[in-house]
Amino acid sequence: SSMAEFPELTSLHLLLSADRDAVHACQRMVEAGDTVCLVADGVMVLTEKFATGFGDGVEVLYALVDLEARGLAALAARAGVSTVTDDEVPRLLRGHRHCVSWK
């Protein structure tokens, strides 16, 4: 059966690293309806050319506190990326059936 038949079976992918292999593995596994949240060193993909292309129907969010800690908040704002605060993470977790970490 296809995932389209089970829209509630979406996954939250926590990308904890800007490692090329981790990013590409996440990109291969993410599906429409999933959310990718870049946290910790994962926010560094903002500075990498290979870090685009999570596919149609995939929401990509950056952890605001991690962008700020790495001096990337202004770049993120200019790039128009969507951010998430620490207070919003529990809502993200509740909103997805599965959570997968990549590093």
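Computed from a predicted model, the values in this text were never measured in an experiment.

> Can you walk me through the overall build of the protein in this structure?
Scanning the protein from terminus to terminus reveals 4 helices and 5 strands. Each of the 103 residues in the protein was classed as buried or not, and the buried ones make up 38%. Within the protein, counting contacts between residues at least 6 apart in sequence, those at least 24 apart form 64% of the total. With the model as given, the accessible surface of the protein reaches about 6000 Å², and the carbon-plus-sulfur share is 52%.

> Explain the sheet that holds strand β4 (residues 82-84) here, please?
Where strands meet in a sheet, backbone hydrogen bonds hold them as pairs that are either parallel or antiparallel. Strand order in this open sheet of 5 strands is β4-β3-β2-β1-β5, and the pairing throughout is parallel. Since the sheet does not close on itself, it has two edges, and those belong to β4 and β5 (98-102), each with one partner. Averaged over all adjacent pairs, the angle separating strand axes in this sheet is 30°, with direction ignored. Pairing of strand β1 (residues 11-15) with strand β2 (residues 35-38) involves 4 bridges; the strand directions are parallel. Paired with L14 across the bridge in β2 is C37. Of the strands in this sheet, β1, β2 and β5 touch helix α1 (residues 20-29), which is tilted by about 170° from β1.

> Is there a simple way to think about the environment of D66 in this case?
Checked against the element boundaries, D66 lands in helix α2 (residues 64-69). Not counting residues up to four positions away in its chain, the partners in contact with D66 are V39, A40 and V43. Of the polar contacts made by the side chain of D66, one reaches the backbone nitrogen of A40; its length is 2.7 Å.

> Is there a simple way to explain the nonpolar core in this structure?
Burial of nonpolar side chains together is a common tendency in soluble globular proteins. With 19 residues, the main nonpolar core has L15, V36, L38, V45, F54, Y62 and L67 as its most contacted residues. Secondary structure elements with two or more residues in this core: α1 and β2. With 4 residues, α1 is the single largest residue contributor to this core. Once you skip the residues sitting within four places of it in the chain, V36 turns out to touch H13, L15, C26, V30, F54, V58, E59, V60 and L61.

> Teacher, can you tell me more about α1 here?
Helical periodicity: at 3.6 residues per turn, an α-helix aligns residues three or four positions apart in one direction. Looking at α1, one finds that the buried residues are A22, V23, A25, C26 and Q27. Turning to α1, the residues buried within the fold contact β1, β2 and β5. Where α1 begins, one side-chain oxygen reaches toward the backbone nitrogen of D21, 3.1 Å away; that side chain belongs to D19.

> Can you help me understand the pattern of salt bridges in this one?
Between side chains of opposite charge, a pair can form as their charged atoms come close. One pass over the structure, following the stated rule, counts 2 salt bridges. Here R70 makes a salt bridge to D41, at a shortest N to O gap of 3.0 Å. Remark: D41 occurs in the loop between β2 and β3 (59-63) and R70 occurs in the loop between α2 and α3 (73-79); sequence separation between them is 29 residues. Here R70 falls in the partly exposed class, since its relative accessible area comes to 30%. When the shortest N-O distance is used, the salt bridge between R70 and D66 registers 3.6 Å. With a relative accessible area of 17%, D66 lands in the buried category. Within the structure, one salt-bridge network assembled from shared partners comprises D41, D66 and R70.

Reading the values: rules and limits
Residues numbered from 1 in each chain as written. Predicted model: local features only at pLDDT ≥ 70, side-chain atom pairs only at ≥ 80, totals over all residues. Heavy atoms only, no water. Helix = DSSP H or I, 4+ residues; strand = E, 2+ residues; numbered from the N terminus. Buried < 20%, exposed > 50% of the residue type's maximum accessible area, 1.4 Å probe, protein only. Contact = heavy atoms within 4.5 Å. Areas by Shrake-Rupley, 256 points an atom, 1.4 Å probe, with all protein chains shown as cover. Pairing = 2+ DSSP bridges. Axes fitted to C-alpha atoms, helices over the stretch in contact; angles between N-to-C directions. Polar contact = N/O pair within 3.5 Å; in protein donor to acceptor, adjacent residues only side chain to side chain. Core = buried A, V, L, I, M, F, W, Y, C linked by side-chain atoms within 4.5 Å. Salt bridge = Lys/Arg side-chain N within 4 Å of Asp/Glu carboxyl O.

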